[in-house]
Amino acid sequence: MTSYLFSSSTFAIVLKRLLFFLCALGVSSLQAQVYDNIDDENDAYLQEDKTPLFNDWRGRLHTGVSSSYFIDFISSPLGEVDVVYTDPGNIKRIEKGATQTSYSSYFTIGFVPRYNLAELNSNLAIAASLPVAIGFGNASASSTSVIGGTGFGNLQIPLMFHFFYGAESTFRSQEKVGFNIGCGYEFNKIGLIDFSINRSEPINKAWLMPAITGGVQFYRGLSPVEVNVKYGFGKVQDQWVDQYGNKLTDGKRITRAYSLKLCFIYYL
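Since we're looking at a predicted model, the values are computed, not measured. (Residues numbered from 1 in each chain as written. Predicted model: local features only at pLDDT ≥ 70, side-chain atom pairs only at ≥ 80, totals over all residues. Heavy atoms only, no water.)

1. Brief notes about the side chain of glutamine 100
For the record, the criterion: Helix and strand assignments come from DSSP, with helices taken as H or I runs of at least 4 residues and strands as E runs of at least 2, each series counted from the N terminus. Using a 1.4 Å probe on the protein chains alone, a residue whose accessible area is under 20% of its type maximum counts as buried, one over 50% counts as exposed, and one in between counts as partly exposed. We define a polar contact as two N or O atoms separated by no more than 3.5 Å, with the added condition that, inside protein, one atom must be a possible hydrogen donor and the other a possible acceptor, whereas residues neighbouring each other in sequence contribute only through side-chain atom pairs.
Relative to the assigned elements, glutamine 100 resides in the loop between β5 (91-99) and β6 (101-121). We classify glutamine 100 as buried; its relative accessible area is 1%. Polar side-chain contacts of glutamine 100 include one of 2.9 Å to the backbone oxygen of serine 76. Here the side chain of glutamine 100 touches threonine 255 through a polar contact of 3.0 Å, side chain to side chain.

Here it is, written out as structure tokens:
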């Protein structure tokens, strides 16, 4: 349940590799992703019970586009930053000030690749997904007692494992409604365009934390749609000092890293 901080170089490497992987998935899905794509010509990819083989990405890869309006909130873990004071006699003193950043997105768009790891029957599947989302919103201090990063935009990449039932669980499902639940870890970076100035050290780092998710799948006309809610959470933290390194007058503030997003997924 621990939140982990990433350096900027590690973040760049992870982002580059994930974007390459997602581009490859996107190209593959555009080449061959269709509904009910298991037909007589693809019998070579089927097992005896008509379940697609594990390496049959045409029968197991589901892709979609997600969108979220306003209900996309993120807060970073509580951290500390050096606050430098100059005491009489030109003596420098360093105190540890509290830092935490919150973010609110106006609009978030994403790409949702999902691979069925196991298809127990036509309406039951265990899947893994890597939904990349980019948001358009503002980052600022989480409270008046912390130093916060300022910036615009966010990047969120969860790796989730799901239990799918009913509609859109497999390409062979004939159900009109379904649901899914899942859990995993998510990577967060808020304030992609950093407006912070006069800082000698970063105060708005990327981090990783656990997340849970749930959704309902149904058809709007002939198109499958999912309404999905995801909640990410870090460990509970006690804040004892303010942004200047002084003890809080109220004793302590209890906080944690978290994310909350409601989105719509339109399956391709």
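From this point, the narrative continues.
2. Points about a nonpolar patch on the surface
Spelled out, the test is: What goes into a patch is any residue over 30% in relative accessible area without a salt bridge, connected to like charges within 9 Å or, for nonpolar side chains (Val, Leu, Ile, Met, Phe, Trp, Tyr), within 5 Å. In these tables, accessible area is a Shrake-Rupley quantity obtained with a 1.4 Å probe, and a residue counts as shielded only by the protein chains included in the view. Should a side-chain nitrogen of Lys or Arg be within 4 Å of a carboxyl oxygen of Asp or Glu, the pair is scored as a salt bridge.
A cluster of nonpolar residues, Phe54, Leu117, Leu120, Ile126, Leu159, Phe161, Phe163, Tyr165, Val177, Phe179, Ile181 and Val216, forms a patch on the protein surface that exposes about 1,100 Å² of accessible area. Looking at the nonpolar patch, the element that brings in the most residues is strand β9 (residues 151-166), giving 4 residues. Looking at the element boundaries, isoleucine 181 is found in strand β10 (residues 177-194).

3. A look at the environment of leucine 61
Its place among the elements puts leucine 61 in strand β2 (residues 61-69). Residue classification places leucine 61 among the buried positions, given a relative accessible area of 3%.

4. A word on the pattern of salt bridges
In the structure shown here, the tally under the stated rule is 6 salt bridges. Taken together, the salt bridges that share partners define one network made up of Asp87, Arg93 and Glu95.

5. Re the pairing of strand β11 (residues 207-220)
Stated formally: A pair of strands is treated as paired once DSSP finds two or more bridges between them.
Of the pairings in the sheet, the one linking β10 to β11 comprises 12 bridges and is antiparallel in character. Paired with isoleucine 181 across the bridge in β11 is glycine 214. For β11 and strand β12 (residues 223-239), the ladder comprises 10 bridges, and the chain directions are antiparallel. When the sheet's bridge partners are listed, glycine 214 is paired in β12 with valine 229.

6. So, unusual backbone geometry
Positioned with a positive phi, phenylalanine 70 is a non-glycine residue whose angle comes to about 70 degrees. On the secondary structure map, phenylalanine 70 appears in the loop between β2 and β3 (72-75). Here phenylalanine 70 falls in the exposed class, since its relative accessible area comes to 55%. Located in the positive-phi region is asparagine 90, a residue other than glycine, with phi close to 60 degrees.

7. Some details on the pairing of strand β7 (residues 124-129)
The buried fraction of β7 amounts to 5 of the 6 residues, a majority that puts the element mostly inside the structure. Examined bridge by bridge, β6 and β7 share 6 bridges and lie antiparallel to one another. Across the sheet, the residue bridging to asparagine 116 is alanine 127, located in β7. Connecting β6 to the antiparallel partner β7 that follows it, the hairpin turn spans 2 residues. Relative to β9, β7 is paired through 6 bridges, and the arrangement is antiparallel. Looking across to β9, one finds that isoleucine 126 is bridged to phenylalanine 163.

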